[in-house]
Amino acid sequence: MEGKNQAGAGQECRAIVLVGAQWGDEGKGKVIDILAEKMDYVVRYQGGNNAGHTVVIGDRKYVLHLIPSGILHDGKICVIGHGVVIDPKALIDEIELLRSQGIDCSERLKISDKAHVIFPYHKRIDELRESRRVKGRIGTTKKGIGPCYADKVARVGIRIGDLYDKEYFSARLEDNVEEKNSMVKNFERSEGFCSSEILEEYLNYAEYLKGFVTDTTLLLNDALKNGKAVLFEGAQGTFLDVDYGTYPYVTSSSSTAGGACTGAGVGPSRIDRVIGVVKAYTTRVGEGPFPTEFDPGLMEIIRKKGGEFGATTGRARRCGWFDSVLVKNSVDINGIDQVVVTKIDVLDELEKIKICVAYRYNGKTYTSIPGDPRFLDNCVPVYEEYPGWMRDTSGITSHEDLPAEAVRYLNRIRELIGTEIMLVSVGKSRKQTLIYK
Ligand code: IMP
């Protein structure tokens, strides 16, 4: 059976989906960078430049927002699928920044002609919604992500391919600007947007991007048929997924593994393996429930040690204990086969480490998350406490050298989430990674 990539027959996996199993920022950038070495294609399938993947190679640090991190490896084809929303200015800036660092995207970056485009009015509406809301503010990145996806679903969006038909593009843009201006003018009494200015600006972007735009669905399906290895890199994390996340405190795309199929145009039967990335503790950015959040003292220590500041907005991340209930849920939702545990070294100095193993709510104990919208806000985590290892793990390169307490902690996580641990990361660089047995 050639189609189903023969992973079960002991061969290398050809189609891998990698997802964040918490609220994003799990350290996916580094894991993608390691896996990319064996892949031919690396694909982004959802989100936009709200994401930020940090990769450290030698003494160089790269922060990528839209372009898959595979671009840092010679010869890899990088694809931005149609499930992604593209701010063309941000994308061009990223291409140019990479060029200035000696990385040429021209032959290796492919952009779907069906990806939706972010316009200035999307960003303005994103900002307006956030500033008008006193209660219920989401804490978005203000990159226009939500309003762009809203237009896509409302069937008024403009896609990359539309930019190359000036008449069609101009007519749709005019309609959209008229509609958005009525909102913008009403709420902030401003002049609103001028469609001819946007048209001119975006036609220039379209010209720049022309050579990158193609039918990426065809490209990827052909690649898989020809035995190429494809890595689908998720952005954000499971609990930011618009369907499964902690709604409404979520992003607007499908950041779970299923999103790879809809956002890249590849059927579920083609996927061989799903890898989840989890941080050894938990973080989230922006508003929303967070049952295991640290008290301010510990928050400060872990935030500083873990460098927990957003790669996109610079905002301080909220930090908390590892929540096995959430991650177990994530394993089910994504069909995760193996996990990579990152940033174990950040916990090196703690005397005691806790793992959330259940929640208490209204007198009952839960090991899954019910649909009650108030549940996560009001539940009380049930913790197990483990002794810390109180040793520097950042130089450890093999499982055997990990402190016994760290192994005990990781084994307990493995048991609670019911999934094999594939790799453990003890620092930012590629070599600070060890195979876990
Ligand atoms: P939006 O995606 O800008 O609409 O933001 C919605 C929510 O998702 C906010 O809480 C953001 O902080 C969060 N978010 C969006 N992108 C990321 C990411 O890459 N990492 C972590 N949180 C994110």
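Residues numbered from 1 in each chain as written. Predicted model: local features only at pLDDT ≥ 70, side-chain atom pairs only at ≥ 80, totals over all residues. Heavy atoms only, no water.

### Some points on the side chain of N50
So the rule is basically this: For the purposes of this entry, the term helix denotes a DSSP run of H or I that reaches at least four residues, the term strand denotes a run of E that reaches at least two, and both are numbered from the N terminus. Identification of polar contacts relies on pairs of N or O atoms within 3.5 Å, with a donor-acceptor requirement for protein atoms, meaning one able to donate a hydrogen and the other able to accept it, and with residues adjacent in sequence counted only if both atoms are side-chain atoms. In what follows, residue pairs with any heavy atoms lying within 4.5 Å of each other are defined as contacts.
One can find N50 in the loop between β2 (41–44) and β3 (53–57). Polar contacts involving the side chain of N50 include one to the side chain of Q236, which spans 3.1 Å. Polar side-chain contacts of N50 include one of 3.3 Å to the side chain of T251. Those residues in contact with N50, other than ones at most four positions away along the chain, are T141, K143, I145, Q236, T251 and T312.

### Overview of the state of the cysteines
Rules: The term disulfide is used for any two cysteine sulfur atoms that are within 2.5 Å. To sort residues, take the accessible area from a 1.4 Å probe on protein chains only and compare it with the maximum for the residue type: under 20% means buried, over 50% means exposed, and anything in between is partly exposed.
For the structure on display, the rule yields zero disulfides. Free of any disulfide, C78 has its nearest neighbouring cysteine sulfur in C105, separated by 7.8 Å. Exposure remark for C78: the relative accessible area of 0% places this residue in the buried category. Cysteine C356 is unpaired, with the sulfur of C379 as its nearest cysteine sulfur at 7.4 Å.

### Looking at helix α2 (residues 88–100)
Since the α-helix packs 3.6 residues into each turn, any two residues three or four apart lie on the same face. The cut-off we apply is this: Here the expected length of a helix is defined as 1.5 Å per residue gap, with one fewer gap than residues.
Given a rise of 1.5 Å per residue, 13 residues ought to cover 18 Å, and the 18 Å separating the end C-alpha atoms of α2 matches this to within 8%. Among the residues making up α2, those that are buried are P88, A90, L91, I92, E94, I95 and L98. Along its buried surface, α2 packs onto β4 (60–64), β5 (77–80), β6 (85–86), β7 (109–112), β8 (116–117) and α6 (195–209). At the C-terminal side of α2, G102 shows a positive phi close to 90°.

### A word on the confidence of the model for the protein chain
Where we set the bar: One confidence number per residue, pLDDT, is output by the predictor and ranges from 0 to 100.
Taken over all residues, the pLDDT of the protein chain has a mean of 93, while the share at 70 or more is 97%. pLDDT under 50 marks residues 1–11. Its contacts with residues more than four places away, or in other chains, come to 15 contacts.

### Comments concerning the packing of aromatic side chains
Short version of the rule: Here a Phe, Tyr or Trp ring, Trp counted by its six-membered ring, pairs with any other such ring whose centre lies within 6.5 Å, and the pair is stacked when the planes are under 30 degrees apart, edge-to-face when over 60, and tilted otherwise. Put simply, a charge is over a ring when the Lys NZ or the Arg CZ is close to the ring centre, within 6 Å, and near the line of the ring normal, within 35 degrees.
The full count for this structure, using the stated rule, is 13 aromatic pairs. With a centroid separation of 4.8 Å and an interplanar angle of 90°, the aromatic rings of F294 and W321 are classed as edge-to-face. In this pair, F294 is assigned in the loop between β12 (282–284) and α9 (296–306) and W321 in the loop between β13 (318–320) and β14 (322–323), connecting sequence segments 27 residues apart. Across the pair, W321 and F294 agree in class, each one buried. Taken together, the aromatic side chains of F119, Y121, F169, F193, Y202 and Y205 make up a single cluster linked through ring pairs. The ring of F187 has R132 lying over it, and the distance from NZ or CZ to the ring centre is 3.9 Å.

### Here we look at α9
As a reminder, the rule being used: Think of the arc as the fan of directions from the helix axis to the C-beta atoms.
All buried positions along α9 are accounted for by L298, M299, I302, R303 and G306. Buried residues of α9 fall within an arc of 130° about the axis and therefore sit on the same side. Among the exposed residues of α9, those pointing more than 90 degrees away from its buried face are P296 and K304. Summarising the contacts, the buried residues of α9 are in contact with β13. Two residues or fewer after α9 comes G307, characterised by a positive phi angle close to 55°.

### Quick notes on the site of the ligand
The test is simple: Each residue is tested against the molecule or strand, and it is near if at least one of its non-hydrogen atoms lies within 4 Å. Shrake-Rupley sampling with a 1.4 Å probe provides the accessible areas, and residues are treated as covered by the protein chains on show and by no other component. Here the nonpolar group is Ala, Val, Leu, Ile, Met, Phe, Trp, Tyr, Cys and Pro; Asp, Glu, Lys and Arg are the charged ones; every other residue, Gly included, is treated as polar.
Taken together, 15 residues are adjacent to the ligand, and D25, N50, T141, T251 and R315 come closest. In this structure, D25 approaches the ligand through a side-chain N or O atom, which is 3.2 Å from a nitrogen atom. A distance of 3.4 Å is found between an oxygen atom of the ligand and a backbone nitrogen or oxygen belonging to G139. Contact with the protein chains removes 96% of the 470 Å² of surface that the ligand exposes when unbound. By residue class, the composition of the shell around the ligand is six nonpolar, seven polar and two charged.

### A word on the domain arrangement of the protein chain
The condition is simple: Domain start and stop points were drawn from an automatic or database domain assignment. What counts as buried area is the accessible surface, traced by a 1.4 Å probe, that two parts surrender upon association, with contributions from both included.
Taken domain by domain, the protein chain comprises domain 1 (13–109 + 215–435) and domain 2 (116–212). Just the C-alpha atoms count here: the centres of domain 1 and domain 2 sit 29 Å apart. Between domain 1 and domain 2, the contact holds 32 residues from the first and 22 residues from the second. A buried area of about 2,200 Å², summed over both sides, lies between domain 1 and domain 2, and 63% of it is on carbon and sulfur atoms. Among the residues domain 1 hides against domain 2, the three largest losses belong to V85, P88 and I92. Together they make up 24% of the total. Our enumeration of links across domain 1 and domain 2 arrives at eight residue pairs in polar contact (both at pLDDT 80 or more). Sorting the residues of the side of domain 1 that touches domain 2 by element identifies β6 and α2 as the ones contributing at least two each. Per-element accounting of the side of domain 1 that touches domain 2 gives the leading share, seven residues, to α2. Looking at side-chain class alone, the side of domain 1 that touches domain 2 contains twelve nonpolar, 14 polar and six charged residues.

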